[in-house]
Each structure stands twice: as C-alpha cells, then as structure tokens.
Amino acid sequence: MSGSLQRLMSHLFIFWKWKRRAHICLHPGATIYCKRICSTMIEQDLIEIHKRKLSLWFSHLPQEEKQFGGYFSTEMMHVDPLILERKPEERAGLLSSFVKPQASVAPSLTVDKLFETNEDHHQDRGLNVLLYGAVGTGKSTVVRKLILDWCAGTTLTNFKLVIPFSCEDLGQLTKVASLRDLISRKYLHLKNNPLLCGESNKAKDILFIFNGMEKMELDFRIGSTELCSDPNEALPARAVVVNLLRKYLLPEVSVLVTTRLSALDRIPSKYVSCYAQICGFNDPNRQRAYFTSRLLQQSGELVQTHDAQALVELLYLNLQRESQLAAACFLPSYCWLTCATLHFLHFTDAKAPIRTLTGIYTSFLRLNFGGEVLGKATVPNQDIHSNLMLYVVSTVGKLAYDGVTYKRTSFSEQELEQWIGGKTKTDEELRQLAVFRTDVLDFFLAPCVESCKNIPTELCEHDERRYVFAVPAMQEYMAALYVVLGENKSVLEKLTKQVSLAIGQATEDVSAIINIFSKFIPLRIFAVFNLIKLFPKFYEKISIRNKGNIARTMAAELFRKEDSYNEDVLDQVEKNLLGVHGPPSKQQIEALPFELYPIFMGGLLHYSNRVLLKNLGCDIQSVTVAQITRALRKYLVREINKPQPPEELMDLLVLLYEFQNPRLTAEVLASIRNICLHNIRMTPLKCFVLSSVLSCAPPSYQLEELDLSSCLLTREMLQMLSPAFRHTRNLNLQFNSLAPDSCILLRDLLKDSQSCVRVLLLCDNQLLDSGASLLLEALPENQSLRHLSLMHTSLGDKGALELAERLQQHTGLQELNVAYNNIGDNAALRLVDACREHPSIDIVHLYLNPLSDVGKQSLYVRGIPKSRGSGRRVRVLASVTEGSNLSEDWHPILSVIRENASSWERDRLKQQLKVFLRDLEWGRQQQQSFLKKLHFRRVEKGVRQTLRMLENDTPHSSASAKNQ
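Basis of the calculations
- Residues numbered from 1 in each chain as written.
- Predicted model: local features only at pLDDT ≥ 70, side-chain atom pairs only at ≥ 80, totals over all residues.
- Heavy atoms only, no water.
- Helix = DSSP H or I, 4+ residues; strand = E, 2+ residues; numbered from the N terminus.
- Buried < 20%, exposed > 50% of the residue type's maximum accessible area, 1.4 Å probe, protein only.
- Contact = heavy atoms within 4.5 Å.
- Areas by Shrake-Rupley, 256 points an atom, 1.4 Å probe, with all protein chains shown as cover.
- Pairing = 2+ DSSP bridges.
- Axes fitted to C-alpha atoms, helices over the stretch in contact; angles between N-to-C directions.
- Parallel < 35°, antiparallel > 145°, perpendicular 65-115°, else oblique.
- Left-handed = near helix turned anticlockwise from the far one by under 90°.
- Nonpolar A, V, L, I, M, F, W, Y, C, P; charged D, E, K, R; others polar.
- Patch = residues over 30% accessible without salt bridge, like charges linked within 9 Å, V, L, I, M, F, W, Y side chains within 5 Å.
- Salt bridge = Lys/Arg side-chain N within 4 Å of Asp/Glu carboxyl O.
- Phe/Tyr/Trp six-rings, centres within 6.5 Å; stacked < 30°, edge-to-face > 60°.
- Lys NZ or Arg CZ within 6 Å of the ring centre and 35° of its normal.
- Core = buried A, V, L, I, M, F, W, Y, C linked by side-chain atoms within 4.5 Å.
- Lys, Arg positive; Asp, Glu negative; His and termini not counted.
- pLDDT = per-residue confidence, 0-100.
- Disulfide = S-S within 2.5 Å.
- Right-handed = clockwise from strand over helix to strand, strands pointing away.

Brief notes about the overall build of the protein chain
Tallying secondary structure elements over the protein chain gives 39 helices and 19 strands in all. Classification of the 964 residues of the protein chain by burial places 52% in the buried group. Long-range contacts, defined as pairs at least 24 residues apart, comprise 79% of the intrachain contacts of the protein chain with a sequence gap of at least 6. On the protein chain, roughly 45800 Å² of surface is accessible, and the fraction owed to carbon and sulfur atoms is 52%.

Here is the structure:
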C-alpha cells in the first residue's frame, strides 16, 4: 500500500507541474492532455490494488482444505472440468451426471473462450454468459480459479476490471442501493472508478460475475422490476442485476452468471448470449490428474510420496474398470471426498489436529450445501422444508435408513418414487420436489454400474434399472443422520411431540389465569387443570426412552454377530475406494455389512460436527446428546464383557475415537482389561486411534494385555503407540516388521518411570545384535520387566554374550526366551551361567539354536545346582529331552513350532525336528521302564506328525496339537 501511495503522490505531483506549466503557457490543450494522463495512471493503480485484494481474498481456502495438511494452493490442485457450449434449444437436454458423454461431444472449452466476440456480436453490447451445472460439478471452483488467473494476468486479458459478486450476499440485502453503491460497499477502492461512470462505452472493459444466481429471486417482468439505466440510481439488488442482464444498465459490460440446473429458466433466453454447461470430470484421466495434484503434494517426505504414488495407481486402476467409484468421481466434489478420505486413512499425523471420518463427511456436506435453500416457503408452517439439508435428510436419509435396516444397497425407480416423492399435497411441496429432483437427487444417487452381486435374483432377472448411493459410506452416513435427528419417529411420536409443545405453551397462560381467579374463587375444580402439566413430563419420559433406543441400536449394530468376521470398518472404507484386486472372496460376494452406520451415529454427536450441522439447519440438541450418551455407556459396557473378535474391538475403538467424548471413553475403558488386535492390519491411523482412545484413561489405568502381534507394525507406528504402551503390562509385538532402530523406542519405554510393562514379546522381528544391544541399555533403569522374549530375532553369539553381561543389572527378570536364533554352545553356556547367578530367572528358552549334543547336555547340567541347597535351578529348554529323560516342557516346545510353522523357515524346522527324533530315540533306548518308553514313543509320534505337516505343507489345527 505504501508503494501505491508513493506512486499516487508522484502522479499528483506530475499533474500539479503540468497544471502550473499550463497556467503559465495559457495553453488549454496541454491541460486536457495532462488530466488524461493522470486519470489513466490513477486508474491503473486502482486496478492493481483491486487485483491484489481479489487475489488475497480468493486465495483463502476453506477450513476443510486443512484436511490435506495445508500444502496446497488453488493453482496446484485445480483441474479444469469438462465445459460444453450449449445452444438455447439444447439447454433442456441436460448431460446427466455420472454418465460419460459420447465421443461426438464437442471439445471442452475454457470460460475465457466464451467471451470471445464473433462477427454476429454487436460491438456496443457486452456478452451475457450463463454457466450452469448440477451440485458438485465445480462451478464455484471454476469461478475462483478464473478470478485468480485474471489477477495474475493469464486469462480474460481483454477485460480491465473483473468484479465478482456472491448472489447469496446480494440476496440478503434489504436496503436499496445503486450499482456503484453495491460495488463500493464491497470494493471501496473502486468507488470513483471512471469505468463505472456510465459515460460513452467505458464499461466495455468490465466483467461482472454473479455466482449462485439461484439464491436470488430475479423477476424480468416490467411490472415487477422497473427499468433503470443510471448506475447511480438506488434500486433493490435483484433489480440492479436484472437491468444489467437486460442490457438496459451499462449495456456494454459483460456478465458471467453461474447457477444450478433448476434456475435456468429464471433468465429469459433472449438475455443470454451463450449457455455453457459444466459437466465435471468426464474421463479417468481428469480424475487421475485431480488425485495426483491432491495426494502427491505432501510435505515432501520421500516415504509419503511413494505411498501416495501407490494410492494414485490403485485409484486409477479402479477408475479404468468403470467402477462405481468412477461414476461418483464424475463430480469433482466426490473426488474431493475420495482424496480427503484416503488422506485421512493413510497420512494421519499425530501432530496434526484431530480429524474424524464423520467430520470429513459433515464437512463435505457443508461445502456443497452450506446456505443452500429450496426457495422461500410461501405456505405457513413450511419453514422446515425451505432448508435444503433438512429436506435431504427427510427424503434421502429416509431411503438410506430403509436400506440399512433391510441390508440393501440398491433401489429401484419405484422405491425412489416412494421414498423421495412421497405423498405430496400442496403446490409448494411439488415445487420443492421438482427443484430437489433437478439439482440434488443425482448428487447422492447414481445408476448402478456394478454387477448384480448385491441385488436380489428376481430383480436381476427383470433387468430393472437400479440406483445406488454414489459412495457406499454416504448411505450409512445419511441413515445415521436421519436417526440422530429423530426423523425415524413414528407418527404417534411426532404427534405426541406437537401436542406436548402446544400444551406446554398453553399451560403457562392457563396457570397464570387460574392463579388469579383462585384467590377470589377457591374452587376445587381448578385443581383439574394441574393434570395438564403432567403431559409434557410424560412426553419427556417417552423422549428419553427413544434416545435409549438409539443407543441400543448403536450397540446392537456395532456388535452384530453375523458381522464379526468381516474386516474392520477402516479397511472396508479403503477397499470401497481402491477396489478389490484379484478374485473376490466369499464375504465380498455376500451382502455388504453396514458397520459404519453406528460409528457415524456416534461421530454425529461430537460437538464440532453438531456445529457444522447447525449451520446447515440440522440442529442436534445437547440434551439429546446427553441422553444418548448415558444410555450408550451402559450398552457398550455390557457388550464389551462378552468375548469380541479383534475386528469388532477395532471398530469399538473407532467408535470411541469418532465420538470424541473423553468421559465416555474413560468409563468404557474401565471395563476393558485386554485389547487383542491380533492379525489386524495396523496403519498410522489405527495406531493414532488406539493411542488417542487410551490417552483418555486416567493415569492409574492399566491394561493386562495389549496384543499387537502380526499387525505389520513399523518404527513410525511404534512411535505413535508409545503413549498407549505406558498403560500396558503384557505387550505382545510378535510377528511384525520391527527393525533394530525400533529398539530405541522400546528402550525409552522401558526406561520410562511411568511404564508398567511386565512382559515384552518381540518374537519374529529382525532386531539383530545391534537392536538387542539397544534394548539391553534399559535394564539398569527398569524394575517392572519379568518376561523378555527375543525368539527368532536373528540374535547371534555377540548379542547373547552381551545379554549375559547385562543380566545382573536387572534383578526382576524371571523368564528369558532366546530360542530360534544363531546362538552357539559357548555363548549359550555363558548365558545359562549368568541366569543361574541371577536372583530371579528360573527359565531360559534355547531350543532351535545350532547347539551340539554335547552343548545341550552341558546346558542341562549347568541348570542343575551341584548340591542340594547351593544355588538355584534354572530350567533350560534346549530340546524335548534333558539328557536321557524327557523334558518337562516338551509340549510347549512342539506347540510353538506348530503355531509358527507357516512363517518360519521350513528347512531349518525340519532339520531341528529330525534332531529331536534322534534325541528321543537315544533317550528311549536308555530307559528300562516300559511306561517311560511308551511316554517317549508318544512324544516321538507328536514330533513325526509335526514333521509330516511341514513336509506336506498342510496347516495343523491347534486343537490337534493340544491332543498330542
């Protein structure tokens, strides 16, 4: 601004010098020339100020864009949608959403091309371009990009001034104002711009943009809107817009109007120079360009870039198959939803603000329907239907709720007519229904392009056209919103509510009158009126019971028995977006589960989502939330006390995370002592969910066991889970992808004074000697550890010797497992000697190590004290035999081998089992007792069956293992 002021002052100084010189020379031509130069310079400076202000304003991204980490700008993430020029007679033949245009369709245009004048155009009249499209096709995004490009000087260069208006803002104005006043109210720096004076044809270099024309009631009838050609005359805002489009006011200006499909006929075709339809992304390449611009613009980290590239490739493969996702992503809005969901699933950052899946869907609706209305209701008591989002909930939500109730994902045209149309009675309802069908219905529902796998056979045989929700999760979200808002009440419940409100208001007036008359006429009959007051209280009890039913439905749907063996909901969401590669499983062929439905119901009760919904006209009262929460805690605690599969437990954690209610979460966690997530494919998001949920527990809360075995954990995930580990006594991290650097985090965990880890299982992680060395650094400062398992961690002699040296620094360890490593005889002997000198270790696992027969015999002898009363006995599990006798722990050794046979190296296991058979045969020959020989043969039989299982590569049930 300071530079602009300096230039302005310099221009004024030049003008003063020219004026002074003109006075001296008394030459009138010089004065005119001087004024013209000065006016031009000032005009150019004001336009530059206007461009900078517009650029700052339109570069501001919505709050929802922070979902992507804030790394984007409009230029980086914009992809031009398909824009087709339409003739006036073609505007009724709309290109349906979700249907690809044919190859004969004209090539896509850009908005600036629409303003290129042709030979038929009159030079003194500007162009009126009407850009229309369905909800979600990207009209506002195109306008924002167009304005920014004009500010940068890359488009619309034939216009000196572009003045955008929001029709939603103009529609709220109640006072009359002139065109120049409307401009100066929003753009003060343009108040005295000479281009707006109305003289000659200066306004030909101006482009007005009116975005969202459907939000203004334009009336082109002369009897309703008077003519006006003076830009300084005060009129209602809609009259100013009408006269601009009539070309009666500043006829030389050009106008760009954007609107929805239902408002096309509000502007007579004689006032429209060009119709242009914005059709979204008509091919997978545009969709891929959008996904690439969004998902690849991360923080620049190489790991995230590789993950994002893989996501884009999977998405593109799914789009190329012309899947249901490709049909949904015809609309750029659903491309945004897809990117936001994938960003949430794969790039969750512990340092970023809390994001929830329910919040993403709520924000998605706010972006597309914020401030949208069906039109002003002209019928009394019809205000509820003037809000578009409430209308969507009462129609589309009702359809979604019926589908969730009866486990259906597709709907016929007759069902759409039944649920969406309903029984309309008034002209106003018919008008609203027509607007809704034209603008909104295709936004939520699309023709089914998938096979008939989820459709009843009788419907497939009739080849009836079916409709599905554009994104499967949207059906569950709308059903949840329908229930939480109380739209699923019966007619009796709704009537009871209306009667309660009416009686509640009437009793206040009646009570006041009765109190006055009772002082003069103390009749007992007045006591009868007090019965009226009981009805609102009776309704309140019914309402509380209804909220309890909602909570019971949430718990029942979350822990439904037939859904117990499905994948967790986060994996289901991901597969819906990325598709399923390879032959479908039996579960995928069957009807899809609706497990997001109860989770969305919990997420909608969160305060931030309720605020967004209130802005949309959907108010969820705090009293309702409190009633549902109280009932929900009881039902969740009841279900948790029953054994739950890992997938169901993960869904419960997601529900508690989506709810974002620390008090409820702490009360539910009080009933949980074991969290078993075995075989769950953990992701950064799931780790963040687990950590966030456990962080709500009080400091005194402790988990008996946290089982994260076979979860594909990495070091980054361990870092996110570190707060959760502090609440855990038995920590199972077996069969993961932990490397030596992961031991740094585990070392810090064991050093933490607040840590209560008693059992740490690290089997089948490639920790190596370096990782074990890092882990052992925590022994001097840790007093809680009792059982440490380093089985199959590639531990060698070096690691075993260091372990033997450091054992004396920890006095509480009781069991040490270093089986299935690369430990030789000497290191094993040193380790057993150190364990025997240790005050508390009583068992050491050394089987499946490359030990010689002499070494195993020495280990057995070392574990036995030399004389009774001197030293301690340390049980050394090196083989199924101990010398010439059977080991007491032969069964656990074989059980461990059977359980891990599928993941361990088969050749090495078979070699070790043959060594066991040789030891058993030698030991049996040393026995004189017939019963002991039978016992040896029984063990030999178990070893041979295990060996046969490995050779035949067949799985072995745990039940048969227990019977051996």
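Now, onward.
Topic: the sheet that holds strand 14 (residues 787-789)
Pairing is parallel across the open sheet formed by eight strands, whose spatial order is 10-11-12-13-14-15-16-17. Two strands lie at the open edges of the sheet, namely strand 10 (674-676) and strand 17 (875-877), each paired on one side alone. Geometrically, the sheet is characterised by an average inter-axis angle of 10 degrees between neighbouring strands, direction not taken into account. Sheet analysis places strand 13 (residues 759-761) next to strand 14, joined by three bridges and oriented parallel. Bridged to leucine 761 within strand 14 is serine 789.

Let's talk about the sheet that holds strand 1 (residues 83-86)
As summarised here, the arrangement of the six strands in space is 1-6-2-5-4-3, forming an open sheet in which the pairing is mixed. Unpaired on one side and paired on the other, strand 1 and strand 3 (161-166) mark the two borders of the sheet. Across the sheet, the axes of successive neighbouring strands diverge by a mean angle of 20 degrees, strand direction being ignored. Taken together, the six bridges between strand 3 and strand 4 (residues 206-211) define a ladder with parallel strand orientation. Looking at the pairing, valine 162 lines up with leucine 207 of strand 4. Contacting strand 3 and strand 4, helix 6 (residues 179-186) crosses the sheet at an angle of about 85 degrees to strand 3. Against the sheet, helix 7 (residues 237-246) contacts strand 2 (128-132), strand 4 and strand 5 (254-259), and its axis sits at roughly 130 degrees relative to strand 4.

A word on helix 36 (residues 890-899)
The buried fraction of helix 36 amounts to seven of the ten residues, a majority that puts the element mostly inside the structure. Listed as buried for helix 36 are Trp890, Ile893, Leu894, Ser895, Val896, Ile897 and Arg898.

Let's talk about the packing of helix 15 (residues 413-421) against helix 16 (residues 427-439)
One way to put it is that helix 15 packs onto helix 16 with a least axis distance of 12 Å and a crossing angle of 130 degrees. In this view, helix 15 runs oblique relative to helix 16, as classed from their interaxial angle. Taken as a pair, helix 15 and helix 16 cross one another with a handedness that is right-handed. Along its contact with helix 15, which presents Glu417, Ile420 and Gly421, the element helix 16 presents Leu433, Phe436 and Arg437. Across the contact of helix 15 with helix 16, the residue classes break down as three nonpolar, one polar and two charged.

Observations concerning a nonpolar patch on the surface
Together, Ile222, Leu227 and Tyr248 line one region of the surface with nonpolar side chains, adding up to about 290 Å² of accessible area. In this structure, isoleucine 222 sits in the loop between strand 4 and helix 7. Looking at isoleucine 222, the relative accessible area reads 55%, which means it is exposed.

Quick notes on the packing of aromatic side chains
Enumeration over the complete set of coordinates arrives at 24 aromatic pairs. Centre to centre, the rings of tyrosine 477 and phenylalanine 600 are 5.3 Å apart; their planes meet at 85 degrees, and the pair counts as edge-to-face. Pair noted here: tyrosine 477 is in helix 19 (residues 472-484) and phenylalanine 600 is in helix 24 (residues 596-604), with a separation of 123 residues, a long-range link. Exposure class is identical for tyrosine 477 and phenylalanine 600. Each is buried. Among the aromatic residues, those joined into a ring-pair cluster are Trp57, Phe58, Phe165, Tyr187, Phe208 and Phe210. Its guanidinium or amino end placed over the ring of tryptophan 150, lysine 51 lies 4.9 Å from that ring's centre, counting from NZ or CZ. Above the face of the tyrosine 635 ring, lysine 634 is positioned so that its terminal group lies 5.1 Å from the ring centre.

Quick word on the nonpolar core
In a soluble, globular protein the nonpolar side chains are often hidden away together inside. Counting residues in hydrophobic clusters, the biggest one holds 180 residues, and the most contacted among them are Tyr334, Phe444, Met474, Met478, Leu713, Leu733 and Leu846. Setting aside residues no more than four positions away along its own chain, methionine 478 makes contact with Leu365, Met389, Val392, Val393, Val396, Gly397, Ala400, Phe444 and Phe469. In this structure, Phe210, Met216, Val257 and Leu261 belong to the second largest nonpolar core, which totals 71 residues.

Examining the packing of helix 12 (residues 357-369) against helix 19
The N-to-C vectors of helix 12 and helix 19 enclose an angle of 85 degrees; their axes lie 11 Å apart at closest approach. In terms of their interaxial angle, helix 12 and helix 19 are classed as roughly perpendicular. Taking contact as the criterion, the partners of Thr358, Tyr361, Thr362, Phe364 and Leu365 in helix 12 are, on helix 19, Ala473, Met474, Tyr477 and Met478. Its residues assigned to classes, the contact of helix 12 with helix 19 shows seven nonpolar, two polar and no charged.

Thoughts on the side chain of aspartate 651
Here aspartate 651 lies in helix 27 (residues 646-659). An unpaired buried charge is present at aspartate 651: no salt bridge exists, and lysine 686, the closest side chain of opposite charge, is 8.0 Å distant.

Section: the pattern of salt bridges
Any two side chains of opposite charge can pair, on the condition that their charged atoms come close. Under the definition given, this model contains 29 salt bridges. The salt bridge partner of arginine 408 is glutamate 415, with a shortest N-O separation of 2.4 Å. Exposure remark for arginine 408: the relative accessible area of 23% places this residue in the partly exposed category. As a salt-bridge pair, arginine 836 and aspartate 833 come within 3.7 Å of each other at their nearest N and O atoms. Placement of the pair is arginine 836 and aspartate 833 together in helix 34 (residues 825-837), with a separation of three residues, close to one helical turn. Residue arginine 836 is classed as partly exposed on the basis of its relative accessible area of 26%. Sharing partners across several salt bridges, the network here consists of Asp568, Asp571, Glu574, Arg681 and Lys686.

A look at the confidence of the model for the protein chain
Mean pLDDT over the protein chain: 79, with 77% of residues reaching 70 or higher. Confidence drops under pLDDT 50 across residues 93-104; counting only partners more than four residues distant or on other chains, this segment forms 33 contacts. Ignoring residues within four places in sequence, the model shows residues 538-542, a span with pLDDT below 50, making six contacts including any to other chains.

A word on the pairing of strand 2
Residues in a regular strand project their side chains so that they alternate between the two faces of the sheet. Burial of strand 2 is extensive: five of the five residues sit out of reach of the surface. Neither face of strand 2 is left uncovered, since the one carrying Asn128, Leu130 and Tyr132 and the one carrying Val129 and Leu131 both have all their residues buried. Two elements, strand 2 and strand 5, share five bridges in a ladder whose sense is parallel. Paired with tyrosine 132 across the bridge in strand 5 is threonine 259. Here strand 2 pairs with strand 6 (residues 274-278) via four bridges, running parallel.

A short note on helix 31 (residues 742-751)
The periodicity of an α-helix, 3.6 residues per turn, causes residues three or four places apart in sequence to face the same way. Within helix 31, seven of the ten residues are buried, which leaves it mostly tucked inside the rest of the structure. Buried within helix 31 are the following residues: Ser742, Cys743, Leu745, Leu746, Arg747, Leu749 and Leu750. The elements touched by buried residues of helix 31 are helix 30 (715-725), strand 12 (728-732), strand 13 and helix 32 (768-776).

Structural notes on the state of the cysteines
Tallying each qualifying case throughout the model produces zero disulfides. For cysteine 711, which is in no disulfide, the shortest distance to another cysteine sulfur is to cysteine 687 and amounts to 8.3 Å.

Quick look at unusual backbone geometry
Most peptide bonds adopt trans geometry, and most residues besides glycine take a negative phi value. Even without a glycine there, the phi angle at aspartate 764 is positive, about 60 degrees. With respect to the helices, strands and loops of the structure, aspartate 764 is situated in the loop between strand 13 and helix 32. What makes aspartate 764 buried here is its relative accessible area of 14%. The phi dihedral of leucine 848 falls on the positive side, at around 65 degrees, and the residue is not glycine. By secondary structure assignment, the location of leucine 848 is in the loop between strand 16 (843-845) and helix 35 (853-863).

A closer look at the pairing of strand 4
Of all the six residues making up strand 4, five are buried; the element is thus mostly covered by neighbouring parts of the structure. Of the pairings in the sheet, the one linking strand 4 to strand 5 comprises five bridges and is parallel in character. Among the inter-strand pairings, phenylalanine 210 is bridged to a residue of strand 5, identified as valine 257. Regarding topology, helix 7 serves as the crossover connection from strand 4 to the parallel strand 5, and that connection is right-handed.

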